Amino acid sequence: MTIDSAPENELEADLAGTTTGREWWRTAVIYQVYPRSFADGNGDGMGDLVGITRRLPALRELGVDAVWFSPFFTSPQNDAGYDVADYCDIDPLFGTLDDFDRMIAEAHDLGLRVIVDLVPNHSSTAHRWFQEALAAPAGSPERARYMFRDGKGADGSLPPNNWQSVFGGSAWTRITEPDGTPGQWYLHLFDASQPDFDWNNPWVREQFRGVLRFWLDRGVDGFRVDVAHGMIKAEGLPDYTPPEGSGSMGGAGGVDDIGLEPEISVEEDEPTPPYWAQEGVHDIFRDWHEVLAAYDGDRVLCAEAWVDPLSKLADWVRPDEMHQAFNFAYLETPWSAPALRRVITDSLDAFTGVGAPSTWVLSNHDVIRHASRLAMQNHVQGHGLGPKSTNKPDPALGLRRARAATTLMLALPGSAYVYQGEELGLPEVVDLPDEARQDPTWFRTNGERYGRDGCRVPIPWEADAPAYGFNDTGASWLPQPAEWATFARDAQIGVPGSTLELYRLLLEQRRELDLGSGSLQWLEGYGEDVIAFRNGAITVLANVGDVPVELPGGGDVLLASEPLDGSTLPADTTAWLRS
Ligand code: BGC
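Let us now look at empty space enclosed by the protein. Rolling a probe over the atoms, with the probe sized like a water molecule, indicates the empty space that remains. What the rule picks out here adds up to four cavities of 30 Å³ or more. By volume, the second largest cavity is sized at about 80 Å³. Lining the second largest cavity we find Tyr 31, Phe 38, Ala 58, Leu 59, Leu 62, Glu 423, Leu 424, Ile 459, Pro 460, Trp 461, Arg 489 and Leu 500. Looking at which element gives the most residues to the lining of the second largest cavity, the answer is helix α2 (residues 49–62), with three residues. Split by residue class, the lining of the second largest cavity holds 10 nonpolar, no polar and two charged.

In structure tokens form, the structure reads like this:
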């Protein structure tokens, strides 16, 4: 974008210079597009950049500030694009670099910032860098790009340590050397097709600086950084057995065992796993911070970091490191007033302490959609839901709670993330047939865990169109449920009280009242099950219990997640009142 005249929108104004303390990402609502499932321009059943570009105006109308795109880079798609074979090109499934340039230009014209996904912990085995490593001998500079090690035992036939892959099974795979003999092993914290880089190698660091600059030069406003907590491993790669039931990688059981997103143990009485949250990651973040700072405007790095407690996660967003980190502690908090009060307080304390905004998030492409999850008990994230699950949620209760939860979230100061389809109230799809499933978790656990496909189904735009308007052929890489017509965007737009209209109102009022840069004061006296606080001009009351409560006398209701019954706030309902 050239800035040769008066800025036409806020985004252009920001690109004209940095705005320390007022950077857009401090308060932004960022919408996650999962490219496979947003909109399909060529009708092959897989979403693509042309389809996304056509539908961008809908996001402007929704009222979000930025869009984060899950990966669309060249990839064999073993992990839905999180297995990258070329960081600087677009997979033909999704289009071309020209399509990307048109998409970002359209987004910027609409005043939407663009964040792309950076996947630095691992590449695909199909990446040229890995193929060259396989062809080169042990001990070569090419092998040193990744984590190759000799095996244990007299003939090297045992893996170098006991680490388990997040998706199930050993985290090591043995290669066959170019001469046909059994050879070294390489580390993959995820699928065997996702070899981990050795981030202690300056060559790797240099390549990724290049990747960042490639996309910054094309105009992106920032990066969501995949598995930011995994890039550095402890010296010597020591064996590690997660405490039983702790939910650490490969561990079993517990609501915190989220499989894909392992709980990071950093409590004093539990050792930090040698593959997560190592101190060495901070140097990398500082390096990248400088790369971004050399560009004009305010660019953002947001860490996907499953790190707890929040006080530890705050180290990741110190002033010269990442700008934001996903608040997964918030996402994982059950629908309980004391638990929500605590996580909100801890988040604001932790992030404010380092001068960073807190983020808030309820759904993404890795977790059960919150319109289902909030009505579930004892679920294990990462395991997903399927036909044989015994803990299927009540859809009506789930949707009601999801609307209340979002109405609460969007009243909080800081930046919030919204996952495509949640503005339509979409639930998790629980009845996908086994043969349709594509998540590597499903295959690596022999169907023991359903995995994440249920939150990735292409979203409905038009009730009466083929594939609900996802494309015009009716093809869809995951089958869409028969009952999704009622969730379609065109069935909700302009309908008072629909979930889509609720989101539009929330986003409009959040912006108007500048809630993102506000501050929160807790209010007492509404009862144990009511979350009550003031943020600027509004009082927020969320009734998380199951009995209605009286609204304060004279309360002037600005909006509510459900119709109110006279002067009472029903169960599972949130209201914003003018203070
Ligand atoms: C992404 C997942 C992906 C994994 C490996 C995650 O954190 O969000 O979708 O499977 O990283 O790249």
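What follows picks up the thread again.
Let us now look at the site of the ligand. Neighbouring residues of the ligand: 15 residues in total, closest Asp 79, His 122, Asp 226, Glu 304 and Asp 366. Here Arg 224 contributes a side-chain N or O atom positioned 3.0 Å from an oxygen atom of the ligand. For the ligand, an oxygen atom lies 2.9 Å from a polar atom in the side chain of Arg 452. Here the ligand has 310 Å² of accessible area as a free molecule, and 99% of this is covered by the chains. Counted by class, the shell around the ligand contains five nonpolar, three polar and seven charged residues.

The sheet built from eight strands is open, its strands ordered β11-β10-β9-β5-β2-β1-β13-β12 with parallel pairing. The open sheet has two free edges, formed respectively by β11 (324–325) and β12 (359–361), since each of these has just one partner strand. The pairing of strand β1 (residues 29–33) with strand β13 (residues 415–419) spans four bridges and is parallel. Across the sheet, residue Gln 32 finds its bridge partner in β13, namely Tyr 419. The sheet contacts of helix α3 (residues 97–109) involve β2 (66–69) and β5 (113–118), and relative to β5 the element is tilted by about 140°.

Taken together, the three strands give an open sheet; going across it, the order is β6-β8-β7, and neighbouring strands pair in antiparallel fashion. Every other strand in the sheet has two partners, leaving β6 (148–149) and β7 (172–176) as the edge strands with one partner each.

Glancing now at unusual backbone geometry. Here the amide bond leading from Asp 308 into Pro 309 is cis, since omega sits at 0°, within 30 degrees of zero. Tracing the chain through its elements places Pro 309 in the loop between β10 (300–303) and α7 (310–313). You will see that Ala 80, though not glycine, has its phi angle at about 50°, which is positive. At Asp 572, a position not held by glycine, the phi torsion is positive, near 50°. Along the polypeptide, Asp 572 turns up in the loop between β19 (568–569) and β20 (573–578). Judged by relative accessible area, Asp 572 falls into the buried class, the value being 5%.

This part is about the packing of helix α11 (residues 395–409) against helix α14 (residues 499–512). Closest axis-to-axis distance for the α11/α14 pair is 10 Å, and the angle between their directions is 10°. Comparing the axis directions of α11 and α14 gives the class roughly parallel. Contacts between α11 and α14 involve Leu 399, Arg 403, Thr 406, Thr 407 and Met 409 from the former and Thr 499, Leu 502, Tyr 503, Leu 506 and Arg 510 from the latter. Of the residues belonging to the contact of α11 with α14, the class tally is five nonpolar, three polar and two charged.

Rules used in this analysis
Each chain carries its own residue numbering, running from 1 in the written order of its sequence. The model is predicted, so local features are restricted to residues of pLDDT at least 70 and side-chain atom pairs to those at 80 or more, both for listing and for counting; the totals for chains, interfaces and linings are taken over all residues. No hydrogens and no water enter the side-chain calculation; it runs on all heavy atoms of the structure. Think of a 1 Å grid over just the protein atoms. A cavity is a set of points where a 1.4 Å probe fits yet cannot get out, a pocket is an open set with protein on both sides within 12 Å along at least five of seven lines, and lining residues have an atom within 4 Å of a point. Grid points are joined across faces, edges and corners, and a volume is the space filled by probe spheres set on the points. Here a strand is any run of E in DSSP of at least two residues, a helix any run of H or I of at least four, and the numbering for each starts at the N terminus. Each residue is assigned to one class: nonpolar for Ala, Val, Leu, Ile, Met, Phe, Trp, Tyr, Cys and Pro, charged for Asp, Glu, Lys and Arg, and polar for all the others, Gly among them. By convention in this text, a residue qualifies as near a molecule or strand provided that one of its non-hydrogen atoms is within 4 Å of it. The definition of a polar contact used here is a pair of N or O atoms within 3.5 Å, where within protein one atom must be able to donate a hydrogen and the other to accept one, and adjacent residues in sequence count solely through side-chain atom pairs. Here, Shrake-Rupley sampling with a 1.4 Å probe gives the accessible areas, and only protein chains in the shown set may cover a residue. Here, a strand pair is defined by DSSP locating no fewer than two bridges between the strands. Contacts were defined at the residue level, with two residues in contact if any of their heavy atoms lie within 4.5 Å. Axes here refer to lines fitted to C-alpha atoms; in helices the fit is confined to the stretch in contact. Angles between the N-to-C directions go from 0 to 180 degrees. Burial here depends on accessible area, computed with a 1.4 Å probe over protein chains only, as a share of the maximum for the residue type. Under 20% is buried, over 50% is exposed, and the range in between is partly exposed. We call two directions roughly parallel when the angle between them is under 35 degrees, roughly antiparallel when it is over 145, roughly perpendicular when it lies between 65 and 115, and oblique otherwise.

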